[in-house]
Amino acid sequence: NAGVMQNPRHLVRRRGQEARLRCSPMKGHSHVYWYRQLPEEGLKFMVYLQKENIIDESGMPKERFSAEFPKEGPSILRIQQVVRGDSAAYFCASSLGTTGRAFFGQGTRLTVV
Amino acid sequence: EDQVTQSPEALRLQEGESSSLNCSYTVSGLRGLFWYRQDPGKGPEFLFTLYSAGEEKEKERLKATLTKKESFLHITAPKPEDSATYLCAVQAGPNQAGTALIFGKGTTLSVSS
């Protein structure tokens, strides 16, 4: 039973390019969460999605960032026109329901040069 | 504002030297408190969930406890392989918020032989 799969594991983008991060939740999980971990800081919640719906995006920057979780396929976190401050580790987690534990992926480390 | 504070930031122990990590929280409507372990370059790995004051959970050399204001992660006779960053997180608010978590910054534990 595969865990939460994220790809790519490492992503390098030049300033102004777009970054697309993918997350496949655990089998049977329909709740997906994205977190960002900046150096020397804790994990910060960005967005919570269920299939085809954004439930809570209170932690996501208003501009340049978007997320989706289509009916078929992985969840995508999209960052347009990346800046150096976007360099961070981005983690995806999934859960079976609205309570209980969330399982995390290994993360995507984004470096903006 | 919901907040999670972990102390100490870093802890160095000798193998076999027991100690405790602290997680204090200020949240409205606690639904659960979680402990995760994170190794460098990896995603958080679930350890425990605690739901109510007085609850305790154990796993090998680790024991987690919960009061109304804080949680402790007790490490008994640690080994070098216990070296990692330990993250505390809380789930708060209505069920509609899903399992979105508020994380502390973590305690980095180093155990030397």
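Residues numbered from 1 in each chain as written. Chains lettered and ligands numbered in written order. Predicted model: local features only at pLDDT ≥ 70, side-chain atom pairs only at ≥ 80, totals over all residues. Heavy atoms only, no water.

Visitor: What's the story with the nonpolar core in this structure? I'm lost.
Guide: Across soluble globular proteins, you tend to see nonpolar side chains buried next to one another. In terms of nonpolar packing, the biggest core is built from 23 residues, with Trp34(A), Met46(A), Leu77(A) and Tyr90(A) touching the most fellow members. Contributions of two or more residues to this core are made by β3 (19–24), β4 (31–37), β5 (43–50), β7 (65–68), β8 (75–79), β9 (88–95) and β11 (108–112) of chain A. Counting residues in each nonpolar core, the second largest holds 22 residues, with Val4(B), Leu11(B), Leu47(B) and Ala84(B) among its members. (Core = buried A, V, L, I, M, F, W, Y, C linked by side-chain atoms within 4.5 Å. Buried < 20%, exposed > 50% of the residue type's maximum accessible area, 1.4 Å probe, protein only. Helix = DSSP H or I, 4+ residues; strand = E, 2+ residues; numbered from the N terminus.)

Visitor: Sorry if this is basic, but what is going on with the pairing of strand β2 (residues 10–14) of chain B here?
Guide: Two faces, one strand: in a regular strand the side chains alternate between the faces of the sheet. Residues and elements named next belong to chain B. Side chains Leu11 and Leu13 of β2 all project onto a buried face; the interleaved residues Ala10, Arg12 and Gln14 project onto a face where none is buried. In this sheet, strand β11 (residues 107–112) lies alongside β2 in parallel orientation, the contact comprising 5 bridges. Bridging from a neighbouring strand, arginine 12 pairs with serine 110 of β11. (Pairing = 2+ DSSP bridges.)

Visitor: Sorry, what's going on with the state of the cysteines here?
Guide: Two cysteines joined by a covalent bond between their sulfur atoms form a disulfide. All names here are of chain A. One pass over the structure, following the stated rule, counts 2 disulfides over all chains. At a sulfur-sulfur separation of 1.8 Å, the disulfide partner of cysteine 23 is cysteine 92. Between cysteine 23 and cysteine 92 the disulfide shows an S-S torsion of about -55°. By sign, it is left-handed. One end of the pair, cysteine 23, is in strand β3; the other, cysteine 92, is in strand β9, and 69 residues separate them in sequence. Taken as a pair, cysteine 23 and cysteine 92 share a single burial class, namely buried. (Disulfide = S-S within 2.5 Å.)

Visitor: So what exactly am I meant to see when it comes to the environment of Cys88(B) here?
Guide: All names here are of chain B. Examined against the element boundaries, cysteine 88 turns out to sit in strand β9 (residues 84–92). Along the backbone, cysteine 88 and threonine 107 are 19 residues apart, and their C-alpha atoms lie at a distance of 8.8 Å. Cysteine 88 has contacts with Val4, Gln6, Cys23, Leu33, Phe34, Trp35, Ile102, Phe103 and Gly104, leaving out every residue within four places of it along the chain. (Contact = heavy atoms within 4.5 Å.)

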